[in-house]
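Single-letter residue listing:
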Amino acid sequence: MNITNHKYKLQELQQLDAAHYLHPFTDHKELRNAGSRMIVRGEGPFIYDSEGTEILDAMAGLWCVNIGYGRDELADVAAEQMREMPYYNSFFKCATPSPVQLSAKIAEIAPPNIEQVFFGSSGSESNDTALRLVRHYWALEGKPEKNIIISRQNAYHGSTVAGASLGGMSHMHKQLGGAVPNIVHVMAPYAYELAEPGESDEAFGLRAARTIEDAILAAGADKVAAFIGEPIMGAGGVKIPPASYWPEVQRICKKYDILLMLDEVITGYGRTGEWFAATTFGIEADTITTAKALTSGYQPLSALLVGERIAKTLVEKGGEFYHGYTYSGHPVCCAVGLKNIEIIEEEGLVDRVRNDTGPYLAEQLAKRIAVHPLVGETRSVGLMGGIEIVKDKADRSRFQPGGSAATKVRDHAIANGLMIRATDDTLIMSPPLIWTRETIDLAFDRLLVALDLAEAELASQR
């Protein structure tokens, strides 16, 4: 459907964009040569550009718009809160009602060992807070030397200095020019590329987990503060660990008295068919970083969920915690977060993902997408999926240069009305939780057209 929106003049906006707006994660020269697509409206599962083109959004914005676009309920509650109290800080022994109420609500839906919440504005900020808090915890316990954090290669934990340091993306480290010290990265649990010939998923999962133990032993358990990981590695390509992985990680952390930091910025608030992926994978974490879907992206808000062990020490031994943000517990953002969680509950979206659309997505990925000649593997948990683009299914070889084939598929998909993302040689999707079976069918109809068009372009390279 194309209905031009005359309110916005594309060329004028592109000129202003090129002159003044520095985009995140962007080659600015390339962007300015091409010009930005202006997304001007959203309704339900669809977004619309300034030229009126309708696009089915398979990324929920950026992993976040779980209840879909155009929800007046969130706009109304934001306006109401702005009129009553648009802003006050949480410093100086003050609070406003909505962050107090939201923290209680998050504690209600969180795993059983979580009762405390620290608010920020983004997942990157919350991972900064988690790093500060974990190291502060060990200092309060009389072990300040216990400050090494173990993370994973190709992990993504944000783009602030601390977030990028915690993450395992080498190109980000190179640009950073000096990461936060005492952060060690180990193997990712990505069986499709890293499993040895003939190695079972169970054996691979155990081997990947034990690289954490190797790092602990190399550094000395008395020097290691925590392990941080995404339950499913999202920005790294929706890499889902084997079932054996997280139980072994949990065992290792307990054995060596290592805290477990879970990054659920992407997986939190229903994405995996539970409120938190910690429940999906049976993980008992000491911190859980959340953001994105907490407000369905309608307001910038993050929440670091803090386990009882750390919270007790912080309260009883901590004195003042010299950390916080101007917008920690912003009343408008928290009011929107409360309403967003209420909508997810009232519409039964978590149950729908677990019992209906999540299984259907997995079934249709296997039935319709995995059989395509360009696809080496499909995988999903809940409404979160990855599709490997390969040159040859048998030997899993890739087109060169790396990532070029997946980018072709992505571009054809967007041109055909499906917003999907390419990360290296992986197509990734994370749609709004309001998607139905019919929406999934429509998405795969459009994706198959894109795969066929890309296959024709790539034929000469096979």
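Up top is the structure.
Residues numbered from 1 in each chain as written. Predicted model: local features only at pLDDT ≥ 70, side-chain atom pairs only at ≥ 80, totals over all residues. Heavy atoms only, no water.

*Asks:* Could you clarify how one ought to interpret the sheet that holds strand β11 (residues 375-380) in this entry?
*Replies:* The four strands lie next to each other as β11-β12-β15-β14, forming an open sheet whose pairing is antiparallel. Among the strands making up the open sheet, the edge pair consists of β11 and β14 (421-423). Taking each pair of neighbouring strands and ignoring which way they run, the sheet shows an average axis angle of 25°. In the sheet, β11 pairs with strand β12 (residues 385-389) via five bridges, with the strands oriented antiparallel. Of the residues in β12, the one forming a bridge with V375 is I389. (Pairing = 2+ DSSP bridges. Helix = DSSP H or I, 4+ residues; strand = E, 2+ residues; numbered from the N terminus. Axes fitted to C-alpha atoms, helices over the stretch in contact; angles between N-to-C directions.)

*Asks:* Please clarify how helix α11 (residues 245-255) should be interpreted in this entry.
*Replies:* For the α-helix, the turn length of 3.6 residues means that residues three or four positions removed from each other point alike. For α11, every residue scored as buried is listed here: Y245, W246, E248, V249, Q250, I252 and C253. Taken together, the buried residues of α11 touch β5 (148-152), α10 (201-219), β7 (224-229), β8 (259-263) and α12 (277-281). (Buried < 20%, exposed > 50% of the residue type's maximum accessible area, 1.4 Å probe, protein only. Contact = heavy atoms within 4.5 Å.)

*Asks:* Any chance you could explain the environment of S296 here in plain terms?
*Replies:* Residue placement: S296 occurs in the loop between β9 (287-290) and β10 (302-307). We classify S296 as buried; its relative accessible area is 0%. Placed 160 residues apart in sequence, S296 and H136 show a C-alpha to C-alpha distance of 31 Å. The contact partners of S296, leaving out residues within four places of it in the chain, are C64, V65, N66, I67 and N340. A distance of 3.2 Å separates a polar side-chain atom of S296 from the backbone nitrogen of I67. (Polar contact = N/O pair within 3.5 Å; in protein donor to acceptor, adjacent residues only side chain to side chain.)

*Asks:* Can you walk me through the nonpolar core in this structure?
*Replies:* Proteins that are soluble and globular tend to have nonpolar side chains buried together. Within the largest apolar cluster, 91 residues are counted, with the highest numbers of intra-cluster contacts made by I106, Y269, I389 and L447. With nine residues, helix α17 (residues 437-458) is the single largest residue contributor to this core. Residues in contact with I106, not counting those within four places in the same chain, are V117, F119, Y269, L294, A303, L305 and I341. One finds A130, A226, L304 and I310 within the second-largest nonpolar core, a separate group that totals 20 residues. (Core = buried A, V, L, I, M, F, W, Y, C linked by side-chain atoms within 4.5 Å.)

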